[in-house]
Amino acid sequence: MKKLLLLTFLLISFVGFSQDADETEVVKEGWTRGGNASILFSQAAFNNEWTGGGVSNISGNFSLTYDINYNKGGLVWDNALLAEYGLTKLKDDDFARKTNDRIVLNSIVGKQLKETNWYYSFYLNFKTQMDSGFEDTENPLLDDNGDPIIIDGAQLFETNRVKTTHFFSPAYLQTGPGLLWKKSDNLKVNISPAAAKFIFVHDEFTDVGTDQDAIDAFNEAGGYFGVQANETVRFEFGAAIEAYAKFNLMENIVFENFVNLYSNYLEDPQNIDIDYTANVIFTVNDWITANITFQAIYDDNAVKGFQIRETLGIGVAHSF
């Protein structure tokens, strides 16, 4: 039900965006390119006498976007790179924690159908992460007899960090033919009814040996991002929809929307993978910017529920 409501909201939003798009946008022929780099910061500090609660912390987020597009003679080729990385450090924590980490590459080539907004298309979408991810668990400290250690009535614990992901594990690749509806560089939808999807992982996360019980237990639990025991690749074949809409909410405020939907024909096609990101960019001047990002992901191969991320920051940015 939640997925249905979100899909309905996304479709209504993109219909609204198409009606509000700038009809007078000038389409340039040949190659166009441009990008933006930003560094956003946030910080909070509390002294020992502060009674209102809170933990001193500092965080930062780096973002890079770069587009290279071609348009001439009814042929379009759009390429977009997005790289983001963020960390936060809480006082007294031994390790900094990731708040953002992704690399996304989108590429789509299309040949126009007569004098319309429709194109025959072929697309490629690739995404992974740059750094390792960890899961922290709290385990009780035990004495030589195996009993919990308690000092002044408080039981002692230790934090164990287990690596759960790293670069190219997982990595996702989608590709396939389809139809592109493109009104402008700021408003487009690609529909691919025959899209291949590959999930790549490192064998250190799927190697469970040759014991059949261990293999069965690993696979029954869903594997590692859907990849089965002792495997490094999962193949899916299905239908995909990718859409992008960007418009001005008001002067100096830009609203960007990215959505990727995928249904696997080979297994549970009703469980649609959803990846939706909304960016609101506030431009103060050529160097100062603020950014709000909201991302919702549903992928039952990873988590049986929605993954939600929200960030807010202010910092410096530069367009090129």
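Our subject is the structure listed above.
One structure accompanies this document, and this report is about it.

### Remarks on the overall build of the protein
Thinking step 1. Helix and strand counts for the protein stand at two helices and 16 strands.
Thinking step 2. For the protein, the spread of C-alpha atoms along the principal axes amounts to about 80 × 55 × 35 Å.
Thinking step 3. Once local pairs closer than 6 in sequence are excluded, the contacts in the protein between residues at least 24 apart make up 58%.
Thinking step 4. Put simply, the protein shows about 18700 Å² of open surface, and 59% of that area lies on carbon and sulfur atoms.

### Looking at a nonpolar patch on the surface
Thinking step 1. Side chains of Ile39, Phe41, Phe62, Val284, Trp287, Ile288, Ile314 and Val316 sit close together on the surface and give an oily, nonpolar patch of about 750 Å² of accessible area.
Thinking step 2. Mapped by element, the contributors of at least two residues to the nonpolar patch are strand 1 (30-44) and strand 16 (306-319).
Thinking step 3. Examined against the element boundaries, Ile288 turns out to sit in strand 15 (residues 288-298).
Thinking step 4. For Ile288, a relative accessible area of 31% corresponds to the partly exposed category.

### Description of the sheet that holds strand 4 (residues 97-112)
Thinking step 1. Taken in spatial order, the 12 strands close into a barrel running 1-2-3-4-5-10-11-12-13-14-15-16, and their pairing is antiparallel. For this sheet, the mean angle separating the axes of adjacent strands, direction not counted, is 20°.
Thinking step 2. Sheet analysis places strand 15 next to strand 16, joined by 11 bridges and oriented antiparallel. Its bridge partner lying in strand 16, Ile288 is registered against Val316.

### Here's the deal with the pattern of salt bridges
Between side chains of opposite charge, a pair can form as their charged atoms come close.
Thinking step 1. In the structure shown here, the tally under the stated rule is 13 salt bridges.
Thinking step 2. Of the charged contacts in the structure, one is a salt bridge between Lys127 and Asp275, with a shortest N-O distance of 2.9 Å. Linking Lys127 in strand 5 (residues 118-128) with Asp275 in strand 14 (residues 273-283), this pair joins segments that are 148 residues apart in sequence.
Thinking step 3. Residue classification places Lys127 among the partly exposed residues on the basis of a relative accessible area of 21%.

### Description of the environment of Thr88
Thinking step 1. Within the secondary structure, Thr88 sits in strand 3 (residues 75-90).
Thinking step 2. Once the C-alpha coordinates of Thr88 and Glu242 are considered, the two residues, 154 residues apart in sequence, prove to be 31 Å apart.
Thinking step 3. Setting aside residues up to four positions removed in sequence, Thr88 forms contacts with Ile58, Ser59, Ala96, Arg97 and Thr99.
Thinking step 4. At a separation of 3.5 Å, a polar atom in the side chain of Thr88 contacts the main-chain carbonyl oxygen of Ile58.

### What to know about the side chain of Asn79
Thinking step 1. Among the structural elements, Asn79 can be located in strand 3.
Thinking step 2. By relative accessible area, Asn79 is classed as buried at 16%.
Thinking step 3. Not counting the four nearest positions on each side in its chain, Asn79 is found in contact with Tyr66, Asp67, Ile68, Asn69, Asn106 and Ser107.

### Focus: the pairing of strand 12 (residues 233-250)
Thinking step 1. For strand 11 (residues 187-200) and strand 12, the ladder comprises 12 bridges, and the chain directions are antiparallel. Residue pairing in the sheet places Lys188 in a bridge with Tyr244 of strand 12.
Thinking step 2. Here strand 12 runs beside strand 13 (residues 253-264); their pairing, made up of 12 bridges, is antiparallel. The residue bridging Gly238 from the neighbouring strand is Asn264, located in strand 13.
Thinking step 3. Counting the residues between successive antiparallel strands, the hairpin from strand 12 to strand 13 contains two residues, one of them, Asn252, with a positive phi of roughly 70°.

### Section: unusual backbone geometry
Thinking step 1. Each neighbour pair has its own omega, and for Ser169 with Pro170 the value is 5°, a cis peptide bond.
Thinking step 2. Counting through the fold element by element, Pro170 comes out in the loop between strand 9 (157-165) and strand 10 (171-184).
Thinking step 3. In this structure, Asp152 is a non-glycine residue whose phi angle is positive, near 50°.
Thinking step 4. For Asp152, the position within the fold is in the loop between strand 7 (150-151) and strand 8 (154-155).

What counts, and at which threshold
- Residues numbered from 1 in each chain as written.
- Predicted model: local features only at pLDDT ≥ 70, side-chain atom pairs only at ≥ 80, totals over all residues.
- Heavy atoms only, no water.
- Helix = DSSP H or I, 4+ residues; strand = E, 2+ residues; numbered from the N terminus.
- Contact = heavy atoms within 4.5 Å.
- Areas by Shrake-Rupley, 256 points an atom, 1.4 Å probe, with all protein chains shown as cover.
- Patch = residues over 30% accessible without salt bridge, like charges linked within 9 Å, V, L, I, M, F, W, Y side chains within 5 Å.
- Salt bridge = Lys/Arg side-chain N within 4 Å of Asp/Glu carboxyl O.
- Buried < 20%, exposed > 50% of the residue type's maximum accessible area, 1.4 Å probe, protein only.
- Pairing = 2+ DSSP bridges.
- Axes fitted to C-alpha atoms, helices over the stretch in contact; angles between N-to-C directions.
- Polar contact = N/O pair within 3.5 Å; in protein donor to acceptor, adjacent residues only side chain to side chain.

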